[in-house]
Structure formats: structure tokens, C-alpha cells
Amino acid sequence: MKVALIVAMDIERGIGKDNDLMWHLPEDMKFFKETTLGQVVVMGRKNYDSIPTKYRPLPKRENVILTRNKNYNAEKGCVAFNSIKECMDAYKAETERTVFIIGGGEIYKIALDEGYVDEMYITHVNDNYRPDTFFPDFDLAQWNVKTIKTYEKDEENEASFAVLKYTRK
Ligand SMILES: NC(=O)c1ccc[n+]([C@@H]2O[C@H](COP(=O)([O-])OP(=O)(O)OC[C@H]3O[C@@H](n4cnc5c(N)ncnc54)[C@H](OP(=O)(O)O)[C@@H]3O)[C@@H](O)[C@H]2O)c1
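One structure accompanies this document, and this report is about it.

About the criteria used
- Residues numbered from 1 in each chain as written.
- Predicted model: local features only at pLDDT ≥ 70, side-chain atom pairs only at ≥ 80, totals over all residues.
- Helix = DSSP H or I, 4+ residues; strand = E, 2+ residues; numbered from the N terminus.
- Buried ≥ 20, exposed ≤ 12 C-beta atoms within 10 Å, placed from the backbone.
- Contact = placed C-beta atoms within 7 Å.
- Arc of directions from axis to C-beta.
- Near = placed C-beta within 6 Å.
- Nonpolar A, V, L, I, M, F, W, Y, C, P; charged D, E, K, R; others polar.
- Pairing = 2+ DSSP bridges.
- Axes fitted to C-alpha atoms, helices over the stretch in contact; angles between N-to-C directions.
- Core = buried A, V, L, I, M, F, W, Y, C linked by C-beta atoms within 7 Å.

## Brief notes about the overall build of the chain
Next up, step 1: Scanning the chain for helices and strands turns up 4 helices and 10 strands.
Next up, step 2: Starting at the N terminus, the α and β elements of the chain follow one another as β-β-α-β-α-β-β-α-β-α-β-β-β-β.
Next up, step 3: By principal-axis analysis of the C-alpha atoms, the chain measures approximately 45 × 40 × 30 Å.
Next up, step 4: A burial count over the chain gives 27% of its 169 residues as buried.
Next up, step 5: Contacts in the chain between residues at least 24 apart in sequence constitute 70% of all its contacts with a sequence separation of at least 6.

## Observations regarding helix α4 (residues 105–113)
Next up, step 1: Restricting attention to buried positions, one finds in α4 the residues G105, I107, Y108 and A111. When α4 is viewed along its axis, its buried side chains cluster within an angular range of 165 degrees and face the same direction.
Next up, step 2: One or two residues past the end of α4 sits G115, with phi positive at roughly 75 degrees.

## Quick look at the site of the ligand
Next up, step 1: Neighbouring the ligand are 27 residues; G16, G44, G103, G104 and G105 lie closest to it.
Next up, step 2: Here the residues of the shell around the ligand sort into 9 nonpolar, 13 polar and 5 charged.

## Some details on the sheet that holds strand β9 (residues 143–151)
Next up, step 1: Read from one edge of the open sheet, 8 strands run β5-β4-β3-β6-β1-β7-β10-β9, paired in mixed fashion. Across the chains shown, the open sheet's two edge strands, defined by having one partner strand only, are β5 (78–81) and β9. Sheet twist, expressed as the average angle between the axes of neighbouring strands with direction ignored, equals 25 degrees.
Next up, step 2: Here strand β4 (residues 62–66) pairs with β5 via 4 bridges, running parallel. Bridged to L66 within β5 is F81.
Next up, step 3: This element, helix α1 (residues 26–36), spans β1 (2–9), β3 (40–44), β6 (98–101), β7 (119–125), β9 and β10 (161–168) of the sheet and lies at about 175 degrees to β1.
Next up, step 4: Contacting β1, β3, β4 and β6, α4 runs over the sheet at an angle of about 115 degrees to β3.

## Notes on the pairing of β7
Next up, step 1: Sheet analysis places β1 next to β7, joined by 6 bridges and oriented parallel. The residue bridging V7 from the neighbouring strand is I122, located in β7.
Next up, step 2: Taken together, the 7 bridges between β7 and β10 define a ladder with antiparallel strand orientation. Note on β10: the bridge partner recorded for V125 is F161.

## A look at the nonpolar core
Next up, step 1: In terms of nonpolar packing, the biggest core is built from 33 residues, with V42, F100 and I101 touching the most fellow members.
Next up, step 2: Of all the secondary structure elements, the ones that give two or more residues to this core are β1, α1, β3, β4, β6, α4, β7 and β10.
Next up, step 3: Among the elements that line this core, the one with the most residues is β1, at 6 residues.
Next up, step 4: Once residues lying within four places of it in the same chain are set aside, the contact partners of I101 are V3, L5, V42, I107, Y108, A111 and V117.

## Looking at unusual backbone geometry
Next up, step 1: P57 follows R56 through a cis peptide bond whose omega is -10 degrees.
Next up, step 2: Cis peptide bonds are those with omega within 30 degrees of zero, and the linkage from G103 to G104 qualifies with 0 degrees.
Next up, step 3: For G104, the position within the fold is in the loop between β6 and α4.
Next up, step 4: The backbone phi angle of D18 is positive, close to 50 degrees, even though this residue is not glycine.
Next up, step 5: Following the sequence through the fold, D18 ends up in the loop between β2 (14–16) and α1.
Next up, step 6: Its 9 C-beta neighbours within 10 Å are what place D18 among the exposed residues.
Next up, step 7: At R130, a position not held by glycine, the phi torsion is positive, near 55 degrees.
Next up, step 8: Within the element layout of this structure, R130 appears in the loop between β7 and β8 (133–134).

In C-alpha cells, the structure reads:
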């Protein structure tokens, strides 16, 4: 099983506000879609709720929702687990697909704290958005970092950003 994490954050490690994203960056959305298509995507219940109903479950991906609610009624096309351990155990033998941790803040934190993450795709958005939800502070010394691509601000994308791939040393 390979576990990756994908996130977009601002210069303060901010990832969201009022249970929503904070920017309009179609090029980054495209990168998220291309990278996760065909894979398993693991998300917190709040993140799932924040996806507009017409876009969920995220198509052509196995949607996994983490919730502590034992009676959670997962929507058609979704699987739910009550802990990250149960979830990771369920995909332990997975060889074809990557398990992508797609947030939000609580789920990124437990996935990193519990040492499940092998690599991270981080979009660094070059602006500050007054977030209320953050990516956890992590120890850069534990990761090799490579820049995958950079984008300039344009009519469609409101800020410049860079996508970096972090691989655990
Ligand atoms: N910028 C990005 O790349 C990005 C990506 C994703 C999300 N976001 C943003 O992040 C924000 C949402 O993040 P969040 O931190 O508020 O919530 P979250 O991580 O999406 O979800 C939190 C929920 O996950 C469940 N949960 C947490 N820990 C658990 C555990 N140990 N075991 C089982 N279930 C657990 C609980 O669900 P129950 O309450 O049902 O028990 C909890 O309320 C939004 O603003 C969203 O737009 C940003």
C-alpha cells in the first residue's frame, strides 16, 4: 500500500475557511483531479460535506469517509470507517491504487502524526487568505522535496502557486 497526501495551502499553511476552500485556482483543481483519478481518496466527514452535492462522490475514485459516528449513513458510492487505523488496515493489501489522504485539517494531522504518509503533493499558494483551518506544522528535515510545476497568476487563476512533491527520507 502506498499512501500519499494532497493539499493546497497558503503562505500561513491555511487550507480552508467556513468549511470551504478559499481560492479559485482551476489549474490546481485540474492537478488534483489528474493526480487522484482512479485512486482511493480518504477524507474527513466535514471535507466530504463541503463538496457540492453535484460533485460528490468524487467520480472515478473510491471515496472513503472518516467519521466517529458509528451510525453514519454513507451516501451511495462511499465507504465509511470509524478510525484511520481501520481504514488503513482495509487497504493494506492494495497494490494497484494509491491511497490519497485528501483532508481536511483533522485528517491530515492524524495521518501525519500516525506515520502513514509516504509522500505529499503540496500546492503552495502565494497569498494569505485569513484561514480558520490549517495544515499541521511538519518537520521539513524528514522529507526530500522536488518542485513539480509552477504557475503564474492569470485571468482564471487568482494567485501564483507551486506544486512540490515531498517524499519521506
Ligand atoms: N486546501 C485543501 O487542500 C483542502 C483539502 C481538504 C479540505 N480543505 C478544507 O478543510 C476544511 C475541513 O477540515 P476540518 O479539519 O474542519 O475537518 P475534516 O478533517 O475534513 O473532518 C473532520 C471530521 O472527520 C472525522 N474525524 C476526525 N478525526 C477522526 C478520527 N480519528 N477517526 C474517525 N473520524 C475522525 C470527524 O467526523 P464526525 O464529526 O462525523 O465524527 C470530524 O468531525 C474545510 O474548510 C475544507 O474546505 C482544504
